[in-house]
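Each chain, written out:
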Amino acid sequence: MGDSTVTTVEGREEAVLHPVSDDAGRSLLRRLRTPRRPRLWFEILLIAVSYWTYSLIRNAVPEQKAEALRNADWIWRVEHDLGIAVEQSVNHAVNSVTWLIVGMNYYYATLHFVVTLGVLVWLFRYHPGRYAAARTALFATTAVALVGYYLYPLAPPRLMNGGDFVDTVVVHQTWGSMASGDLKNMSNQYAAMPSMHIGWSLWCGLTIFALAKVPWVRVLGLLYPTATLVVIVATANHFWLDAVGGVLCLTFGFTVARLWYGALPYRLPQSVPTVGQPLPAAPR
């Protein structure tokens, strides 16, 4: 299949070899990089296994308490030097309004998962051509966060020595963060940098803003990561700079998706070809 013949000046035919393996390799890479309709059973299994693996690795990182507390003190000093150390004021102010802080506790504990899964389902159902690339960006964001947890253990503000922060889940006895109250032994207490509440919520917000067609829904997309930032600070679970770490992780995630698929997820076609239709050209 990979050979052809040519006629020389003497009239003899000679075989000319073509690099079939190179063509096959390019064809395989093209197929891998071409968005296809996601399979429900595979995606459910992939998400479940991926989150289980993420949680296992995150909680397996040694709880380096002394180093985590030193890093928290350093972060706190840097924020003071930058004039952005307002976490304690926000924490105390919001904690004084019981209904508000209780709502934020439940927001922190639930929407992180509910909204992210909801956006994934929405992409799966209405944007199958963009789903794989968007999911890849989210997974790459989460994966690189594990590196941050291992290399930079960080205590959240509520666990700082002498920080005078209020652990709002404990004080108000709400079901909330896995890192507080009765569930604290099930989660790594010192994996606060980067904040995946910010990484995931910003992924959700950008996805909704880029793809939703209803204006007020797009506005909600932008408000969601903004509200999440306020919540993680008010509940004393993160510093402002933890949020910066989450943004950097998300940037890495989108870069991975861009390099693999040749375009950002939101610039890919909304639909995918059905069986029997030719595949679109791979993005350049």
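Note that the coordinates shown come from a computational prediction; the quantities given were computed from them, not determined experimentally.

## A look at the overall build of the chain
Here's step 1: Scanning the chain for helices and strands turns up ten helices and two strands.
Here's step 2: When the helices and strands of the chain are listed from N to C terminus, the series reads β-β-α-α-α-α-α-α-α-α-α-α.
Here's step 3: Out of the 284 residues in the chain, the part that is buried amounts to 43%.
Here's step 4: Across the chain, every contact between residues at least 6 apart in sequence was considered, and the portion connecting residues at least 24 apart equals 79%.
Here's step 5: Here the chain has roughly 15600 Å² of accessible surface; of this, 65% comes from carbon and sulfur atoms.

## With respect to the packing of aromatic side chains
Here's step 1: Tallied over the full model, the rule gives seven aromatic pairs.
Here's step 2: For the ring pair tryptophan 76 and phenylalanine 165, a centre distance of 5.4 Å and an interplane angle of 65 degrees mean the geometry is edge-to-face. Taken together, the residues span a long stretch of sequence, with tryptophan 76 in helix 3 (residues 65-82) and phenylalanine 165 in the loop between helix 6 (128-151) and helix 7 (168-172) at a distance of 89 residues.
Here's step 3: Geometrically, the ring pair formed by phenylalanine 254 and tyrosine 266 is edge-to-face, given 5.9 Å between the ring centres and 65 degrees between the ring planes. In this pair, phenylalanine 254 sits in helix 10 (residues 240-261) while tyrosine 266 sits in the segment after helix 10, placing the two residues twelve residues apart along the sequence. In this pair, the class of phenylalanine 254 matches that of tyrosine 266, namely buried.
Here's step 4: Its end group placed over the ring of phenylalanine 42, arginine 39 keeps NZ or CZ at 5.3 Å from the ring centre.
Here's step 5: The ring centre of tyrosine 126 lies 5.0 Å from the NZ or CZ of arginine 125, which sits over that ring.

## Side note on the environment of serine 195
Here's step 1: For serine 195, the location among the structural elements is in the loop between helix 7 and helix 8 (196-211).
Here's step 2: Taking C-alpha positions, serine 195 is 8.9 Å from phenylalanine 239, a pair spaced 44 residues apart along the chain.
Here's step 3: Discounting residues that sit within four places of it in the chain, serine 195 has contacts with Ile232, His238, Asp242, Ala243 and Gly246.

## Comments concerning the nonpolar core
Here's step 1: Ranked by internal contacts, the top residues of the largest apolar core, which has 36 residues, are Leu123, Tyr149, Met196 and Trp203.
Here's step 2: Of all the secondary structure elements, the ones that give two or more residues to this core are helix 5 (98-126), helix 6, helix 8, helix 9 (215-234) and helix 10.
Here's step 3: For leucine 123, the contacting residues outside a window of four places in its chain are Pro128, Tyr131, Ala134, Trp203, Thr207 and Leu211.
Here's step 4: Grouped together as the second largest cluster of nonpolar side chains are 15 residues, Leu154, Ala155, Ala192 and Phe239 included.

## Remarks on unusual backbone geometry
Here's step 1: Here the amide bond leading from methionine 193 into proline 194 is cis, since omega sits at 0 degrees, within 30 degrees of zero.
Here's step 2: Within the element layout of this structure, proline 194 appears in the loop between helix 7 and helix 8.
Here's step 3: Despite not being glycine, glutamine 173 shows a phi value in the positive range, around 55 degrees.
Here's step 4: With respect to the helices and strands, glutamine 173 occurs in the loop between helix 7 and helix 8.
Here's step 5: Residue alanine 236 is not a glycine yet carries a positive backbone phi of 65 degrees.

## So, the side chain of threonine 142
Here's step 1: Its place among the elements puts threonine 142 in helix 6.
Here's step 2: Judged by relative accessible area, which is 9%, threonine 142 ranks as buried.

## A few points about helix 2 (residues 40-60)
Here's step 1: Between its terminal C-alpha atoms helix 2 stretches 30 Å, which fits the 30 Å expected from 21 residues at 1.5 Å a residue.
Here's step 2: Taken as a whole, helix 2 has its buried residues at Glu43, Tyr54, Ser55 and Arg58. In an axial view of helix 2, the angular spread of the buried residues amounts to 95 degrees, which keeps them on one side of the axis. When the buried face of helix 2 is taken as reference, the exposed residues oriented beyond 90 degrees from it are Trp41, Trp52 and Ala60.
Here's step 3: In this fold, the buried residues of helix 2 make contact with helix 5, helix 6 and helix 8.

## Focus: the pattern of salt bridges
Here's step 1: Applying the stated criterion to the full structure yields two salt bridges.
Here's step 2: As a salt-bridge pair, glutamate 43 and arginine 135 come within 2.8 Å of each other at their nearest N and O atoms. Highlighted residues: glutamate 43 in helix 2 and arginine 135 in helix 6, separated in sequence by 92 residues. The same class applies to glutamate 43 and to arginine 135, which are both buried.
Here's step 3: For arginine 158, the salt bridge identified is with aspartate 167, shortest N-O distance 3.4 Å. Accessibility classification places arginine 158 together with aspartate 167 in one group, the buried group.

## Structural notes on the confidence of the model for the chain
Here's step 1: The share of residues in the chain with pLDDT of 70 or more is 77%, and the mean pLDDT across the chain is 83.
Here's step 2: Low confidence marks residues 275-284, where pLDDT is under 50. Its contacts with residues over four positions away, or in another chain, come to 15 contacts.

Each value, and the rule that gives it
- Residues numbered from 1 in each chain as written.
- Predicted model: local features only at pLDDT ≥ 70, side-chain atom pairs only at ≥ 80, totals over all residues.
- Heavy atoms only, no water.
- Helix = DSSP H or I, 4+ residues; strand = E, 2+ residues; numbered from the N terminus.
- Buried < 20%, exposed > 50% of the residue type's maximum accessible area, 1.4 Å probe, protein only.
- Contact = heavy atoms within 4.5 Å.
- Areas by Shrake-Rupley, 256 points an atom, 1.4 Å probe, with all protein chains shown as cover.
- Phe/Tyr/Trp six-rings, centres within 6.5 Å; stacked < 30°, edge-to-face > 60°.
- Lys NZ or Arg CZ within 6 Å of the ring centre and 35° of its normal.
- Core = buried A, V, L, I, M, F, W, Y, C linked by side-chain atoms within 4.5 Å.
- Expected span 1.5 Å × (residues − 1).
- Arc of directions from axis to C-beta.
- Salt bridge = Lys/Arg side-chain N within 4 Å of Asp/Glu carboxyl O.
- pLDDT = per-residue confidence, 0-100.

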